[in-house]
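Coordinate analysis (summary)
One letter stands for each residue in the lines below.
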Amino acid sequence: MRDDTRKTHETPTSWRTRRGLAGAAALLLAGIAVAPGAAAGEHSVPGTRRGALVSVTPVADRDAGEVRAFLAGRDIATDSVRYGVRAYRLTYRTVDPYGKPTTATGLLTLPVGGGHRLDLVSDTHGTMVNRGYAPSAGEDFGRVPSYLNAGAGRAVAAPDYLGLGEGPGRHPYMDTRSSVTASVDMLRASRTAARQLGRPLTGDVYATGFSQGGQVAMALGRALQQGADHTFRLKALAPISGPYDLAGQEFPALYDGRVNDLSGVFYTAYWLVAQHRLHSIYQDPADVFRAPYASRVESLYDGTHEEEEIIAALPRSVKELLTPAFYERMRHPTGGLLAAMRVNDHTCDWKPDVPVRLYTGTGDTDVPIGNTHSCVARLAERGKRARLVNQGDVDHFGVFKESAPQVVRWFDAVRD
């Protein structure tokens, strides 16, 4: 579920350098016109309704050659790229998990060229612990789908989710409902911003997402089909390696070896800390986590720490992380723990009226393929046949690298 390919394959020096370059680029871009006749740099738009646009800030301007270089440098196929891209950080109004007003940020990416009115891709990202790696905040792997799809001629709305990017508070990790509200409201904000930028949207939406975002994409598709905003029409769904079945697949896989130990510790701690804020899973961290981890684990997932810091501060296995009693409780969940799992386990319990492809891989030890088989089965029970695309014996990020360009080509085919 982690969006951490940059950490797996790149050096710490290169990460710091890229963040510095991204910051310098943002400063240089302060003079890009936000819309014909609009003031340069950031501008604000009044409004208090959900999805109301608060501000638009240009963050990237890349020609087609630069887009291809960005993607090729991350081992992503570039054959679908026909246009350069311009990207903007949107700040917009939405609601928190309790329905109270808040703000969130996200990335709107537009092609430079192509048709005047644009179809819209919703891209929902994988697990992130540091708010600075959200799509609107850093030019990293979180921008790959945006640049791919915009380079092919579509607008792309990539929400940061609550508590990431420049949104306030802490991220309610794996709280599907609030991720969907933030995603729907990002579509609304993107509609307003795209119109102001002179590239109005058609209303057709193609939904994709990776890992945590694969689950969000399925739930967003259902929300759109059920009329969350009647100005948007769902056209296709293409999630990648989503954890669609926590209770039946993902958590059991921690115990039978299908999830690797390092990822298991990282995800389990993050999930428990975030879900406890919503479902009151424990009275005291020491009820769940062994010493010395109980005294540090909650502060590690505050949105400011790097993954390397978190991994270094935690043990090597889930069994070493959890108390013996809670380790068994995770194996046989009840009460608030089971409720926290099940409330997010219904993203495939519906019948889409649009084409669906689910991308996965047999070698994925972060989100095992059983999650996708479970989703396909649940869709079939409701009368929907979805195609499962198995990328074979590649790891979690290998699935992403293979699938992201294929999703763009498939969206092209569906549109045509």
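Up top you'll find the structure we're talking about.
The text that follows walks through the structure, step by step, so that each part is easy to find. These numbers were taken from a predicted model, which means no experiment stands behind them. (Residues numbered from 1 in each chain as written. Predicted model: local features only at pLDDT ≥ 70, side-chain atom pairs only at ≥ 80, totals over all residues. Heavy atoms only, no water.)

1. Topic: the overall build of the protein
Counting secondary structure elements, the protein contains 15 helices and ten strands. The buried share of the protein, reckoned over its 416 residues, is 62%. Of all intrachain contacts in the protein linking residues separated by at least 6 positions in sequence, the fraction that spans at least 24 positions is 78%. (Helix = DSSP H or I, 4+ residues; strand = E, 2+ residues; numbered from the N terminus. Buried < 20%, exposed > 50% of the residue type's maximum accessible area, 1.4 Å probe, protein only. Contact = heavy atoms within 4.5 Å.)

2. With respect to the nonpolar core
In this structure, Leu 90, Leu 120, Met 218, Leu 358 and Leu 379 are the most contacted members of the largest nonpolar core, which totals 42 residues. When residues of this core are assigned to their parent elements, the largest contribution, eight residues, is made by helix α5 (residues 176-196). Setting aside residues up to four positions removed in sequence, Leu 358 forms contacts with Met 218, Pro 239, Tyr 244, Thr 372, Cys 375, Val 376, Leu 379, Ala 386, Arg 387, Leu 388 and Val 389. Formed by 40 residues, the second largest nonpolar core is a distinct cluster that contains Val 129, Tyr 270, Ile 311 and Ala 313. (Core = buried A, V, L, I, M, F, W, Y, C linked by side-chain atoms within 4.5 Å.)

3. Things to note about the packing of helix α7 (residues 246-256) against helix α12 (residues 324-331)
It is at 9 Å that the axes of α7 and α12 come closest, and there the two elements cross at 130°. Taken together, the axes of α7 and α12 lie oblique to each other. Touching Phe 251, Leu 254 and Tyr 255 of α7 are Tyr 327, Met 330 and Arg 331, all from α12. Its residues placed into classes, the contact of α7 with α12 shows five nonpolar, no polar and one charged. (Axes fitted to C-alpha atoms, helices over the stretch in contact; angles between N-to-C directions. Parallel < 35°, antiparallel > 145°, perpendicular 65-115°, else oblique. Nonpolar A, V, L, I, M, F, W, Y, C, P; charged D, E, K, R; others polar.)

4. Observations concerning the state of the cysteines
Cysteine pairs can be covalently joined through their sulfur atoms, and such a bond is termed a disulfide. Counted under the stated rule, the structure contains one disulfide. The partner cysteine of Cys 348 in its disulfide is Cys 375, sulfur to sulfur 2.0 Å. An S-S torsion of about -95° defines the bridge between Cys 348 and Cys 375 as left-handed. Of this pair, Cys 348 sits in the loop between α13 (335-342) and β9 (357-360) while Cys 375 is found in helix α14 (residues 370-381), placing the two residues 27 residues apart along the sequence. (Disulfide = S-S within 2.5 Å.)

5. Examining helix α4 (residues 144-151)
Of all eight residues making up α4, eight are buried, and the element is well covered by its neighbours. The complete set of buried residues in α4 reads Val 144, Pro 145, Ser 146, Tyr 147, Leu 148, Asn 149, Ala 150 and Gly 151. Downstream of α4 by one or two residues, Gly 153 has phi in the positive range, about 110°.

6. A closer look at the pairing of β9
Relative to strand β10 (residues 387-390), β9 runs parallel, the two being bridged by four bridges. Residue pairing for β10: Thr 360 is matched across the bridge by Asn 390. Considered for its hand, the β-α-β crossover made up of β9, α14 and β10 is right-handed. (Pairing = 2+ DSSP bridges. Right-handed = clockwise from strand over helix to strand, strands pointing away.)

7. Notes on helix α3 (residues 64-72)
Residues spaced three or four apart along an α-helix point in a common direction, a consequence of the helix completing one turn every 3.6 residues. Looking at α3, one finds that the buried residues are Ala 64, Val 67, Phe 70 and Leu 71. Seen end-on, α3 carries its buried residues on one side only, within an arc spanning 120°. Tucked into the core, α3 has its buried residues touching β2 (53-62), β3 (84-95) and α4. Where α3 begins, one side-chain oxygen reaches toward the backbone nitrogen of Gly 65, 3.1 Å away; that side chain belongs to Asp 63. (Arc of directions from axis to C-beta. Polar contact = N/O pair within 3.5 Å; in protein donor to acceptor, adjacent residues only side chain to side chain.)

8. Overview of the environment of Ser 374
If you trace the backbone, Ser 374 turns up in helix α14. For Ser 374, a relative accessible area of 13% translates into the label buried. It is 8.5 Å that separates the C-alpha atoms of Ser 374 and Cys 348, two residues lying 26 residues apart in sequence. With sequence-adjacent residues up to four places away left out, Ser 374 is seen in contact with Asp 245 and Gln 249. At 2.9 Å, the side chain of Ser 374 forms a polar contact with the side chain of Asp 245.

9. Concerning the layout of surface pockets
What the largest pocket holds in volume is close to 340 Å³. Considering the residues around the largest pocket, the lining is formed by 18 residues, among which Asp 175, Thr 176, Arg 177, Val 343 and Asn 344 are closest to the centre. If you list the elements that add at least two residues to the lining of the largest pocket, you get α5, α6 (212-225) and α8 (261-279). Here the lining of the largest pocket is built from residues that sort into seven nonpolar, seven polar and four charged. (1 Å grid on protein atoms, 1.4 Å probe; cavity = no way out; pocket = protein on both sides within 12 Å on 5 of 7 lines; lining within 4 Å. Points joined across faces, edges and corners; volume = space filled by probe spheres on them.)

10. Some remarks on the packing of α5 against α6
It is the contact of α5 with α6, at a shortest axis distance of 9 Å, that shows an interaxial angle of 65°. Here α5 is positioned roughly perpendicular relative to α6, judged by the angle of their axes. By crossing handedness, the relation of α5 to α6 is classed as right-handed. Facing Thr 176, Ser 179, Val 180, Ser 183, Val 184 and Leu 187 of α5, the residues of α6 in contact are Gln 212, Gln 215, Val 216, Ala 219, Leu 220, Ala 223 and Leu 224. The class makeup of the residues in the contact of α5 with α6 is eight nonpolar, five polar and no charged. (Left-handed = near helix turned anticlockwise from the far one by under 90°.)

11. Considering the packing of aromatic side chains
The final tally for this structure, using the stated rule, is 13 aromatic pairs. Residues Tyr 206 and Phe 411 carry aromatic rings whose centres are separated by 5.2 Å and whose planes lie at 50° to one another, so their mutual orientation is tilted. Of this pair, Tyr 206 sits in strand β7 (residues 201-210) while Phe 411 sits in helix α15 (residues 396-415), and the two are 205 residues apart along the sequence. The burial state of Tyr 206 is the same as that of Phe 411; both residues are buried. For the ring pair Tyr 255 and Tyr 327, a centre distance of 4.8 Å and an interplane angle of 55° mean the geometry is tilted. (Phe/Tyr/Trp six-rings, centres within 6.5 Å; stacked < 30°, edge-to-face > 60°.)

12. Considering the pattern of salt bridges
Enumeration over the complete set of coordinates arrives at 18 salt bridges. As a salt-bridge pair, Asp 229 and Arg 188 come within 2.8 Å of each other at their nearest N and O atoms. Taken together, the residues span a long stretch of sequence, with Asp 229 in the loop between α6 and β8 (233-240) and Arg 188 in helix α5 at a distance of 41 residues. Judged by its relative accessible area of 9%, Asp 229 falls in the buried class. Assessed through its relative accessible area of 14%, Arg 188 is described here as buried. For Asp 245, the salt bridge identified is with Arg 378, shortest N-O distance 3.5 Å. Here Asp 245, found in the loop between β8 and α7, pairs with Arg 378, found in helix α14; they are 133 residues apart in sequence, far enough to count as distant. Among the charged side chains, a network of salt bridges with common partners joins Arg 50, Asp 185, Arg 188, Arg 191 and Asp 229. (Salt bridge = Lys/Arg side-chain N within 4 Å of Asp/Glu carboxyl O.)

Keep in mind these values describe shape, not function.
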